[in-house]
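Topology and contacts: notes
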Amino acid sequence: MNDAVTLRVNGKPVTVPAGAMVSTAIAAAGFDLFRRSVTGQPRGPLCGMGICFECRVTVGGRQHVRSCQTACASGMEVQTDE
Amino acid sequence: MSEGDRSFDVLVIGAGPAGLAAACRAAAARAIVCLVDDNPRPGGQIWRASLDRVPGPAVPWIATAARLGVRMIEGARVFAAPEPGRLALETGAGEPLDLRYRSLVLATGARERFVPFPGWTLPNAMGAGGLQSLVKSGFPVRGKKVVVAGSGPLLPAVARYLRHAGADVRLIAEQAPLAALARFARSLLHHPHKLAEAAIFGGSLAGVRYLTSSWPVSAQGDGRVQSVTLARGGKTFTESCDYLACGFGLVPNTELASLLGCRVSEGVAVDDYQRTTVEGVYAAGEITGIGGVDLALVEGEIAGHAAAGQTERASRLFQARDRQRHFARSLARSFTLREELKHLAPDDTLVCRCEDVSLGRVRAATGWREAKLQTRCGMGPCQSRVCGPAVEFLLGWKPDSVRPPLFPVSVNSLSQAGDSGS
Ligand SMILES: Cc1cc2nc3c(=O)[nH]c(=O)nc-3n(C[C@H](O)[C@H](O)[C@H](O)COP(=O)(O)OP(=O)(O)OC[C@H]3O[C@@H](n4cnc5c(N)ncnc54)[C@H](O)[C@@H]3O)c2cc1C
Ligand code: FES
């Protein structure tokens, strides 16, 4: 079994343990800002369990994916807001 | 999935302790059972997998469910109930899924309650259980300074977990007074096996300051949280931190139950057999009220037996449930939130994080209906799961009625749910 997964966050390669969620990869790549709110404020995860939607990012071109409920996969492209 | 694969005698929503127990007991009575969870892995909150590893106490339940042929659907969430006996779901990949049932067991658990204060929306200020869940999935906290604050037995549990993961936990701020905690500790003497769990005065917290009658008043930082100011003994002090983990107790996830028409007061109302007020619909675990893992398990077992028609077996567990309910009551009494917490947020602090609505704008409305219409408070993707309990605590407004979809879903899933069958 593979015990590490490599993916890219905002173009930056990052390696995380198998089973890690996308939120982990984003933090491991050094980003605190996951999304911008409707008035442009920086936001990151709040609930860690899929209910608040504060951790949503773009995964493989799909928008508004909750990073805390989505497992990392090899070669995944993750995009946060700037 | 074929037609036959989508119809079940007993459908269980939520694979935490309550849902797992319900599924196992119903399947043991030869019912055809399906267990669904939004999480990619079973276990719920307390038994959330650490990376791929499921915690010890969950293992036998998951193994039993598999052995008894329980159909497990992971990473799918229920978003609508188009007609009795039918639920509409969406998978993690965004695909619609339609499931049918004779009996339904709701075991959707609880979430953290958040109390707004200036700076609570900064990145890296999050829930206490929230940060713990992220760390279980490998979120890096080694060497990071963390302040844990809020209320309840979850705080020391989280602090212990974070320390184990290498975090530098600076302190725990519990808003309840020491006298209330001492009462709680005494009540644990009647439940000796819970003592180790609580660890409030336990050795594994040695070195971490555990302050009582202390709470966060503001968080500061540029683009992310860098410090938190806490109140204690009529004064305030500021502690620098990389993460602020704040949870003010738990609130039951009653949205799906409300959508189905079940009566909800504090949690979902149930009778002795865990039956809700809607025919064929049962509820078990923290959806019925906050009470911890042991109460969730026994309620799950009762609901599973009853949903499969084994009422005699269910009734043998009533006494065990009563003992656990006693614990739940002392928990609630000990960690009552203090009045001061209602005055942390000035009018410009955001209450609704989805639509960026300030407390002042919400307060100007006469109630939920008007606030929704005028400000869009509670209308964003979280569907007031975060601001709802906060507004209830701050302004005393009871939650508004629940409408589908319970979560934002794709147009495709919505239109499938609209079909009267397939
Ligand atoms: C973030 C958090 C962390 C916690 N950590 C601890 C801890 O470390 N120690 C401790 O003693 N207690 C902890 N608790 C308390 C814990 O809730 C209970 O002890 C126990 O997990 C309750 O079991 P349950 O089966 O009732 O619900 P849960 O374990 O909460 O399980 C409910 C499940 O239902 C699923 N669900 C909800 N809605 C839907 C839907 N619409 N569609 C599909 N699936 C859905 C959820 O994904 C979840 O997995 C925590 C609670 C929270 C909220
Ligand atoms: S952190 Fe709340 S949904 Fe992911």
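In this text, all values refer to a predicted model and were calculated from it rather than measured experimentally. (Residues numbered from 1 in each chain as written. Chains lettered and ligands numbered in written order. Predicted model: local features only at pLDDT ≥ 70, side-chain atom pairs only at ≥ 80, totals over all residues. Heavy atoms only, no water.)

1. Brief notes about the overall build of chain B
Operational definition: Comment: elements are numbered from the N terminus, with helices defined as DSSP H or I runs of at least four residues and strands as E runs of at least two. Radius of gyration here uses only the C-alpha atoms, and the compact-globule reference equals 2.2 Å multiplied by the residue count raised to the power 0.38. For the accessible areas, the method is Shrake-Rupley and the probe is 1.4 Å, while residue cover comes only from the protein chains on display. Only four residue types enter the tally: Lys and Arg on the positive side, Asp and Glu on the negative side; His and the chain ends are excluded. Note that the charge is assigned to NZ on lysines, CZ on arginines, CG on aspartates and CD on glutamates.
Regarding its fold elements, chain B presents 14 helices and 19 strands. Relative to the compact-globule value of 22 Å for 422 residues, chain B shows a C-alpha radius of gyration of 21 Å, a close match. Each of the three principal axes of chain B carries a C-alpha extent, and together these read 65 × 50 × 35 Å. As displayed, chain B has an accessible area near 17000 Å², and 51% of this comes from carbon and sulfur atoms. For chain B, the centre of its 48 positive side-chain charges and the centre of its 39 negative side-chain charges are spaced 6 Å apart.

2. Comments concerning the pairing of strand β4 (residues 76–83) of chain B
Residues and elements named next belong to chain B. Heads up, the rule is: Strands are labelled as partners when DSSP assigns at least two bridges between them.
Pairing of β4 with strand β5 (residues 86–91), which is carried by 5 bridges, proceeds in the antiparallel orientation. Its bridge partner being in β5, Ala-80 is matched across the sheet by Ala-88. Counting the residues between successive antiparallel strands, the hairpin from β4 to β5 contains 2 residues, one of them, Gly-85, with a positive phi of roughly 85°.

3. A short note on the packing of helix α1 (residues 17–28) of chain B against helix α2 (residues 59–67) of chain B
Residue and element names in this part refer to chain B. The following threshold applies: Think of each axis as a best-fit line through the C-alpha atoms, taken over the contacting stretch in the case of a helix, with angles from 0 to 180 degrees between the N-to-C directions. A clockwise turn of the near helix away from the far one marks a right-handed crossing, whereas an anticlockwise turn of less than a right angle marks a left-handed crossing. It only takes one pair of heavy atoms within 4.5 Å for two residues to be counted as in contact. Three classes are used, and their members are as follows: Ala, Val, Leu, Ile, Met, Phe, Trp, Tyr, Cys and Pro are nonpolar, Asp, Glu, Lys and Arg are charged, and the others, Gly among them, are polar.
One way to put it is that α1 packs onto α2 with a least axis distance of 9 Å and a crossing angle of 35°. Where α1 crosses over α2, the two elements pack in a sense that is left-handed. In this structure, α1 uses Leu-20, Ala-21, Cys-24 and Arg-25 to contact α2, whose residues at the interface are Trp-61, Ile-62, Thr-64 and Ala-65. Per-class residue counts for the contact of α1 with α2 are 6 nonpolar, 1 polar and 1 charged.

4. A short note on the interface of chain A and chain B
Which entries qualify depends on this criterion: For any pair of parts, buried area is found by adding up, for both, the accessible area (1.4 Å probe) each one loses once the two are put together. Only one rule defines a salt bridge in this text: a Lys or Arg side-chain nitrogen within 4 Å of an Asp or Glu carboxyl oxygen.
Each partner contributes to the interface: chain A provides 34 residues, whereas chain B provides 43 residues. For the chain A and chain B pair, buried surface summed over both sides reaches about 3000 Å², with 57% attributable to carbon and sulfur atoms. A per-residue breakdown of the area chain A buries against chain B is headed by Leu-46, Met-49 and Ile-51 of chain A, which together make up 22% of the total. For the pair chain A and chain B, the interface holds 4 salt bridges. Arg-66 of chain A is paired through a salt bridge with Asp-38 of chain B; the nearest N and O atoms lie 3.2 Å apart. Mapped by element, the contributors of at least two residues to the side of chain A that touches chain B are α1 (22–28), β4 (42–43) and β6 (62–66) of chain A. With 4 residues, the top contributor of residues to the side of chain A that touches chain B is α1 of chain A. Here the side of chain A that touches chain B is composed, by residue class, of 17 nonpolar, 10 polar and 7 charged.

5. Topic: the packing of aromatic side chains
Residues and elements named next belong to chain B. Spelled out, the test is: In this analysis, rings of Phe, Tyr and Trp, with Trp reduced to its six-membered ring, are considered paired at centre separations within 6.5 Å, and the interplanar angle assigns stacked below 30 degrees, edge-to-face beyond 60, and tilted for intermediate values. Here's how the labels work: a residue is buried when its accessible area is under 20% of the maximum for its type, exposed when over 50%, partly exposed in between, all with a 1.4 Å probe on protein chains only.
Enumeration according to the criterion identifies 6 aromatic pairs over all chains in this entry. When the centroid spacing of 5.3 Å and the interplanar angle of 70° are considered together, the rings of Tyr-273 and Phe-318 count as edge-to-face. Residue Tyr-273 is located in the loop between α7 (255–260) and β17 (281–283), and its partner Phe-318 is located in helix α10 (residues 318–334); the two are separated by 45 residues in the primary sequence. Classification of Phe-318 as buried rests on a relative accessible area of 17%. Taken together, a centroid distance of 6.2 Å and an interplanar angle of 70° make the contact between Trp-368 and Trp-397 edge-to-face. One end of the pair, Trp-368, is in helix α12 (residues 368–375); the other, Trp-397, is in the loop between α13 (387–395) and α14 (411–418), with 29 residues separating them in the sequence. Judged by relative accessible area, which is 15%, Trp-397 ranks as buried.

6. Observations concerning the sheet that holds strand β2 (residues 12–17) of chain A
Within a sheet, neighbouring strands are paired by backbone hydrogen bonds and run either parallel or antiparallel to one another. All names here are of chain A. Read from one edge of the open sheet, 5 strands run β2-β1-β7-β5-β6, paired in mixed fashion. Of all the strands in the sheet, just β2 and β6 have a single pairing partner and so form its edges. Sheet twist, expressed as the mean angle between neighbouring strand axes with direction ignored, is 40°.

7. Examining the site of ligand 1
Residue and element names in this part refer to chain B. Inclusion rule: Any residue with a heavy atom lying within 4 Å of a molecule or strand is counted as near it. In protein, a polar contact requires one atom able to donate a hydrogen and another able to accept it; more generally it is a pair of N or O atoms within 3.5 Å, and residues adjacent in sequence count only if both atoms are side-chain atoms. The split of the chain into domains comes from an automatic or database domain assignment.
The local shell around ligand 1 holds 30 residues, among which Ala-18, Asp-37, Gln-45, Val-78 and Glu-286 are the closest. Within the backbone of Asp-38, one N or O atom sits 3.1 Å away from a nitrogen atom of ligand 1. One of the backbone nitrogen or oxygen atoms of Val-78 is found 3.0 Å away from a nitrogen atom of ligand 1. Within the complex, the protein chains bury 92% of what would otherwise be the 980 Å² of accessible surface of ligand 1. Residues of the shell around ligand 1, tallied by class, amount to 14 nonpolar, 11 polar and 5 charged. When residues of the shell around ligand 1 are sorted by domain, at least three fall in each of domain 1 (4–111 + 251–331) and domain 2 (114–248).

8. Some remarks on a positive patch on the surface
Residues and elements named next belong to chain B. Worth spelling out the cut-off: Only residues above 30% relative accessible area that lack a salt bridge enter a patch, with like-charged residues linked at up to 9 Å and the nonpolar side chains Val, Leu, Ile, Met, Phe, Trp and Tyr linked at up to 5 Å.
Taken together, Arg-183, Arg-186, Arg-329 and Arg-333 make up a surface patch of like positive charges. Among the elements of the structure, α5 (178–188) and α10 are those that each provide at least two residues to the positive patch. The residue Arg-329 is located in helix α10 in this model. Residue Arg-329 is classed as partly exposed on the basis of its relative accessible area of 49%.

9. Examining the domain arrangement of chain B
A common way to express how large an interface is: the accessible area buried when the components associate. The domain boundaries assigned to chain B delineate domain 1 (4–111 + 251–331), domain 2 (114–248) and domain 3 (340–395). Computed over C-alpha atoms, the centres of domain 1 of chain B and domain 3 of chain B are 30 Å apart.

10. A few points about the sheet that holds strand β12 (residues 214–220) of chain B
Residue and element names in this part refer to chain B. In spatial order, the strands read β12-β13-β14; together these 3 strands make up an open sheet with antiparallel pairing. What marks the edges here is a single partner per strand, and that holds for β12 and β14 (235–240). Shown here is a sheet whose adjacent strand axes are inclined to one another by a mean of 30°, direction ignored.

11. With respect to the pairing of strand β15 (residues 243–248) of chain B
For a regular strand, side chains alternate in direction, first toward one face of the sheet and then toward the other. Residue and element names in this part refer to chain B. The element β15 is extensively covered by neighbouring structure, given that 6 of its 6 residues are classed as buried. The alternating pattern of β15 places Tyr-243, Ala-245 and Gly-247 and Leu-244, Cys-246 and Phe-248 on opposite faces, both of which are buried. Examined bridge by bridge, strand β9 (residues 145–151) and β15 share 6 bridges and lie parallel to one another. Paired with Ser-151 across the two strands is Phe-248, which belongs to β15.

12. Details of the packing of helix α3 (residues 128–136) of chain B against helix α4 (residues 154–164) of chain B
All names here are of chain B. The criterion, for reference: Here the word oblique covers every angle except those under 35 degrees (roughly parallel), over 145 (roughly antiparallel) and from 65 to 115 (roughly perpendicular).
Orientation of α3 relative to α4, taken along the N-to-C sense of each, is 30°, at an axis distance of 9 Å. Relative to α4, α3 is oriented roughly parallel. The hand of the α3/α4 crossing is left-handed. Facing α3, whose interface residues are Ala-128, Gly-129, Leu-131, Gln-132, Val-135 and Lys-136, α4 presents Leu-154, Leu-155, Ala-157, Val-158, Tyr-161 and Leu-162. Considered class by class, the residues forming the contact of α3 with α4 number 9 nonpolar, 2 polar and 1 charged.

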